[in-house]
Amino acid sequence: MIKKHSILPAQPVREYAHGLAYKIASEQLAGNKDIKEQCRKSGARYVPAENSVIIEYLNRLYSINIANGEITLVDDSEAVPIRDKILILHYFLRATGAPLSGNLITYKELQEGINYYPTFFKRAIEPIVSNFKDEPEKLLETAATLDGVKSNYGDIAVTIKAFPYVPLTIVLWQGDKEFPPEGNIMFDSTITDYLPTEDITILCEIIAWKLARLLKTGGDSPGKR
């Protein structure tokens, strides 16, 4: 009897997974029967003349082609990384329009958050703490490029509006002789009305490394990831 072997994708697994996720989301977008209503729920703007949607993501405007899911920056020819494209589509498609509660929660309070927290810490919190522990005030300066505003938590905190209805607050505590520097990221309790836990991890990782690059470049090239 001849054994059948699974056929692996030609490209790297992660690249294949991203491509598949983007394809599925694009198809869901094309099949949406009420784009205008979804724009209301997500805080996006419908442009029927161009069959597109304009949405803000990390202080930059993006255009979504409804027919094929292609995403481009408005007034900029810079290529959009596929992870950002997936996040933008997932946010737009998942948005329920739930108003912000004003109640902040941590990652551990999300569904499956406790199980995935070690990964989240390594990918999102650790880069922020390691890059800003010696100059925590620089967090406010670099986050300003993303339209971040100061918040009253910890020793230093800043709130960044990733999407129209997805604010997140980054908090730092300065270390001393007894305790090392610490950090955390908090979300409005409605965040899962807009993004699933896995996407929240990716979003925070993108922001963490974007802030790290902005710190090193002095605020230049905010779009690079």
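So, how was this worked out
Residues numbered from 1 in each chain as written. Predicted model: local features only at pLDDT ≥ 70, side-chain atom pairs only at ≥ 80, totals over all residues. Heavy atoms only, no water. Salt bridge = Lys/Arg side-chain N within 4 Å of Asp/Glu carboxyl O. Helix = DSSP H or I, 4+ residues; strand = E, 2+ residues; numbered from the N terminus. Buried < 20%, exposed > 50% of the residue type's maximum accessible area, 1.4 Å probe, protein only. Expected span 1.5 Å × (residues − 1). Pairing = 2+ DSSP bridges. Axes fitted to C-alpha atoms, helices over the stretch in contact; angles between N-to-C directions.

Engineer: Give me the pattern of salt bridges: which residues, what numbers.
Structural biologist: Under the criterion given, the structure shown has eight salt bridges. In this structure, E27 and K23 form a salt bridge, with 2.7 Å as the shortest nitrogen-oxygen distance. Note that E27 and K23 are positioned in helix α1 (residues 13-30) at a spacing of four residues, about one turn of the helix. The class of E27 is partly exposed, set by a relative accessible area of 47%. A network of salt bridges, in which partner residues are shared, links R60, D76 and E78.

Engineer: Residues and numbers for helix α3 (residues 82-94), please.
Structural biologist: Between its first and last C-alpha atoms α3 spans 18 Å; for 13 residues at 1.5 Å apiece the expected length is 18 Å, and the two agree. Looking only at α3, the buried set comprises D84, K85, I86, L87, I88, L89, Y91 and F92.

Engineer: So, the sheet that holds strand β3 (residues 60-65): which residues are in play, and what are the values?
Structural biologist: The strand order β1-β2-β3-β4 describes an open sheet built from four strands, whose pairing is antiparallel. Whereas interior strands pair on both sides, the edge strands pair on one side only; in this sheet they are β1 (45-47) and β4 (71-73). Across the sheet, the axes of successive neighbouring strands diverge by a mean angle of 30°, strand direction being ignored. Summarising the sheet, strand β2 (residues 52-57) and β3 pair through six bridges and their orientation is antiparallel.

As far as function goes, none of this settles anything; it's purely spatial.
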